Amino acid sequence: MSNSSEPTILAADQDLVLRFWGVRGSTPVSGPQYAEFGGSTPCIEVRCGQRMFIVDAGSGIYNLGQGHRTDLPQEVDLLFSHLHLDHTAGLPFFKPAVLDSDRVINTYCGNLGGESAGPTLDRLFAPPLFPVTLDKLCCTFHHHGFEAGQTLAFPDGTRVATILLNHPQGSVGYRFEHAGKRLCLISDIEHSDPWPDPDLAAFVADADLMVYDGMFTDGEYPTCRGWGHSTWQKGVELARMAGVKALGIIHLHPAHSDTALRDMEADMQAEMPTAFIARERQCLTVGVPRAVNGRQNGRPAMAREMRRRIKVA
């Protein structure tokens, strides 16, 4: 898959394209140690040709809005994986969309037994937790609930498959298919035992790209069992079983620096060369071959090898 750091997606009608606007889990982070991978919480833009979807409204949705100040659709479809704070807290800062009286934002939520996100968002964005309620914003919100496992059918004929994921209060995975390409977004999830889960493997089977929750290392996971997150190793196992062609890791731990993530990526690519750790603002055309090391500058693998030689010496 090709990648770019340019702010605007120019998708051909036959392209399935995504951009990571936020890849960090739990809480935003900042500082020089996060310059390469970024510190914003989850927000992913998906383009099926010119058709736009947004998945999650973490702090990264602010940058999405700034990157598309003049080319957002009048009706924005926002699909929530779930409603934990790191996936919702950026919503009132989705400018200029929320300040446009002609704009409609459709939200879709599938982990609440059919209930929409509306009541939860109304509790979250209200005093004393937030100074104003969402109805004070200029745009119009339409909240839609569904049961994870259903296929979402949109008025223009676009269909998006869904699956319930193992996460506290549940989470929803999404599968996008366009012009013969398949993209699966699988976050937030905790792997099961045994693994891989056969229903999930069937859901992501033969995907050109699977984006997967790799928040923890194998060493960190045992003390965080039950928190609802996984490891890159389990992502590779699932990808191999399901015939997934490429794997992208998101929901990065806030304590994992660029150096640590580069090292993890090198280890992961030793097992699956088409795997990579997502970077904020990274843009990918699904199904287009990318550099084997998945890096924009091509240097981290060499740097890791030099560190290994120094340690041996």
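Structure: see above.
A quick note: this is a predicted structure, and the numbers were derived from the prediction, not measured.

A. Broad picture of the packing of aromatic side chains. Across all of its chains, the model carries seven aromatic pairs by this definition. Considering the side-chain rings of tryptophan 195 and tyrosine 212, the 6.4 Å spacing of their centres and the 50° angle between planes classify their relative orientation as tilted. One end of the pair, tryptophan 195, is in the loop between β11 (181-186) and α4 (198-204); the other, tyrosine 212, is in strand β12 (residues 209-213), and 17 residues separate them in sequence. A relative accessible area of 13% means that tryptophan 195 is categorised as buried. Sitting over the face of the ring of phenylalanine 154, arginine 51 holds its NZ or CZ atom 5.2 Å from the ring centroid. Lying over the aromatic face of phenylalanine 203, arginine 175 brings its terminal NZ or CZ to 4.7 Å of the ring centre.

B. Structural detail: the sheet that holds strand β9 (residues 159-165). Taken in spatial order, the seven strands of this open sheet run β8-β9-β10-β11-β12-β13-β14, and their pairing is mixed. Of all strands in the sheet, those with a lone pairing partner are β8 (151-153) and β14 (275-277), marking the two edges. Going from strand to strand, the sheet's axes swing by 20° on average, the running direction of each strand aside. Here strand β13 (residues 247-250) runs beside β14; their pairing, made up of three bridges, is parallel.

What counts and how
Residues numbered from 1 in each chain as written. Predicted model: local features only at pLDDT ≥ 70, side-chain atom pairs only at ≥ 80, totals over all residues. Heavy atoms only, no water. Phe/Tyr/Trp six-rings, centres within 6.5 Å; stacked < 30°, edge-to-face > 60°. Helix = DSSP H or I, 4+ residues; strand = E, 2+ residues; numbered from the N terminus. Buried < 20%, exposed > 50% of the residue type's maximum accessible area, 1.4 Å probe, protein only. Lys NZ or Arg CZ within 6 Å of the ring centre and 35° of its normal. Pairing = 2+ DSSP bridges. Axes fitted to C-alpha atoms, helices over the stretch in contact; angles between N-to-C directions.

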